[in-house]
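Examination of the molecular architecture
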Amino acid sequence: MNQRQQVEFHASCGHLISAPAYRAEHVRCPHCHQVVRAPSADVPYASPVPAPDPAPAGTAEPTALTALYVTALMAGVLGAALVYLVLFNEFSESELVTITPLWLFPIVFGLYGFVSQRLLRHIAAGRAGTLGQAAHMSIDVAGLWAAVVLFPFLVLRWRSSLLVSLAAAVFWAVLLWLFFAVLFPTL
């Protein structure tokens, strides 16, 4: 059997699944996450189809960006752990509010970097045409609450995880500022 052939079939949830013909015994549905048994390739509705061409060479983002996201995420988590687990008694409440952006924004930047890279891979693989469509796919899987977190991806049209991460960090900076300026003093 040709290793580039794909078998397409419908999962029990109704979504169309495409799997390499040589590995299509048990496949996890990307929508409902159930493992389904693929029909054999000789079943008419599960006939092999040619695999799509691989993504063009320029669509993969540099590994340096992934390293940047990992570094930012680790720095943010370590910073929060240092502040709240080790140095908590050294800071007043107003100082804790003041240093929150120092650990929060690296976490936001790193997480949104990873998410935007994943969404951009959906676009490169042809499963989505825009960042918004890829975000809608994730919302369908994760549930409606994910729309709050994925909001920047629903409105942005960029195809650079770095720009999307920076925009998301600014978005959350504004929300954090509004919280500390408007809601926090009334609590």
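Residues numbered from 1 in each chain as written. Predicted model: local features only at pLDDT ≥ 70, side-chain atom pairs only at ≥ 80, totals over all residues. Heavy atoms only, no water.

1. Regarding the overall build of the protein chain
To keep things clear, this is the line we draw: For helices the rule is a DSSP run of H or I covering at least 4 residues; for strands it is a run of E covering at least 2, with both sets numbered from the N terminus onward. Throughout this description, buried means an accessible area under 20% of the type-specific maximum (1.4 Å probe, protein chains only), exposed means over 50%, and partly exposed covers the range between. Accessible surface area values rest on a Shrake-Rupley calculation with a 1.4 Å probe, where residue burial reflects the displayed protein chains alone.
Scanning the protein chain from terminus to terminus reveals 6 helices and 5 strands. Taken from the N to the C terminus, the helices and strands of the protein chain come in the order β-β-β-β-β-α-α-α-α-α-α. In the protein chain, which comprises 187 residues, the share counted as buried stands at 30%. Accessible surface, the protein chain: about 11800 Å² in total, of which carbon and sulfur atoms supply 66%.

2. Details of the packing of aromatic side chains
Condition: Here a pair means two rings of Phe, Tyr or Trp (six-membered ring of Trp) with centres within 6.5 Å. Their orientation is stacked below 30 degrees between planes, edge-to-face above 60, and tilted elsewhere.
According to the stated counting rule, one finds 6 aromatic pairs in the structure shown. Ring centres 6.2 Å apart and planes at 65° place the aromatic pair Tyr69 and Phe114 in the edge-to-face group. One end of the pair, Tyr69, is in helix α1 (residues 63-86); the other, Phe114, is in helix α2 (residues 93-124), with 45 residues separating them in the sequence. Grouped by ring-pair contacts, the aromatic residues Tyr69, Phe109 and Phe114 constitute a single cluster.

3. What to know about the packing of α2 against helix α3 (residues 131-142)
Note the threshold: Fitted lines through C-alpha atoms serve as axes, helices being fitted only where they are in contact, and the angles separating the N-to-C directions of these axes extend from 0 to 180 degrees. Working rule for angles: under 35 degrees goes down as roughly parallel, over 145 as roughly antiparallel, 65 to 115 as roughly perpendicular, anything else as oblique. Here, residues are in contact when the closest pair of their heavy atoms is within 4.5 Å. For this scheme, ten residues count as nonpolar: Ala, Val, Leu, Ile, Met, Phe, Trp, Tyr, Cys and Pro. Four count as charged, namely Asp, Glu, Lys and Arg, and the remainder, Gly too, count as polar.
The N-to-C vectors of α2 and α3 enclose an angle of 110°; their axes lie 9 Å apart at closest approach. Taken together, α2 and α3 sit at an angle that is classed as roughly perpendicular. Between α2, through Leu119, Leu120, His122 and Ile123, and α3, the contact on the second element is made entirely by Leu131, Ala134, Ala135, Met137 and Ser138. Considered class by class, the residues forming the contact of α2 with α3 number 7 nonpolar, 2 polar and no charged.

4. What about a nonpolar patch on the surface?
The condition that has to hold: Only residues whose relative accessible area exceeds 30% and that form no salt bridge are eligible for patches; like-charged ones are grouped when within 9 Å, while nonpolar side chains (Val, Leu, Ile, Met, Phe, Trp, Tyr) are grouped when within 5 Å. The term salt bridge refers to a pairing of a side-chain nitrogen on Lys or Arg with a carboxyl oxygen on Asp or Glu at a separation within 4 Å.
On the surface, Val170, Val174, Leu175, Trp177, Leu178, Phe179, Val182 and Leu183 cluster together into a nonpolar patch covering about 730 Å² of accessible area. You can see Leu183 is positioned in helix α6 (residues 161-183).

5. Observations concerning the nonpolar core
The criterion, for reference: Among buried residues, those of type Ala, Val, Leu, Ile, Met, Phe, Trp, Tyr and Cys that are joined through side-chain atoms within 4.5 Å constitute a nonpolar core.
Among the nonpolar cores identified, the biggest contains 17 residues, and Leu119, Leu131, Leu150 and Phe153 are the most heavily contacted of them. Looking at which element gives the most residues to this core, the answer is α2, with 5 residues. If we ignore the near neighbours within four places in the chain, the residues touching Leu150 are Val115, Ala135, Ser138 and Ile139. Residues Ala11, Ile17, Ala19 and Val27 belong to the second largest nonpolar core, which totals 9 residues.

6. Considerations on the side chain of Ser165
Applied cut-off: Any pair of nitrogen or oxygen atoms within 3.5 Å is treated as a polar contact; in protein, a donor-acceptor pairing is required on top of that, and neighbouring residues in sequence qualify only through side-chain atoms on both sides.
Looking at the element boundaries, Ser165 is found in helix α6. Within the local environment of Ser165, its side chain forms a polar contact with the backbone nitrogen of Gly113, the two atoms lying 3.0 Å apart. Once residues within four sequence positions are removed from consideration, Ser165 is found in contact with Tyr69, Phe109, Tyr112, Gly113 and Ser116.

7. Things to note about α2
Spacing of three or four residues puts side chains on the same side of an α-helix, whose turn is 3.6 residues. Test applied: By this rule, a helix spans an expected 1.5 Å times one less than how many residues it contains. Axes are fitted to the seven residues ending at a residue and to the seven starting at it; the angle between these axes is taken as the bend at that residue.
Here α2 is 32 residues long and its end C-alpha atoms lie 46 Å apart, about the 46 Å a rise of 1.5 Å per residue gives. The sharpest bend along α2 comes to roughly 35°, located at Ile99, with the proline Pro101 sitting one to four residues further on. After α2 finishes, the residue Gly126 shows a positive phi value of roughly 85°.

Taken by themselves, the reported measurements are silent on function.
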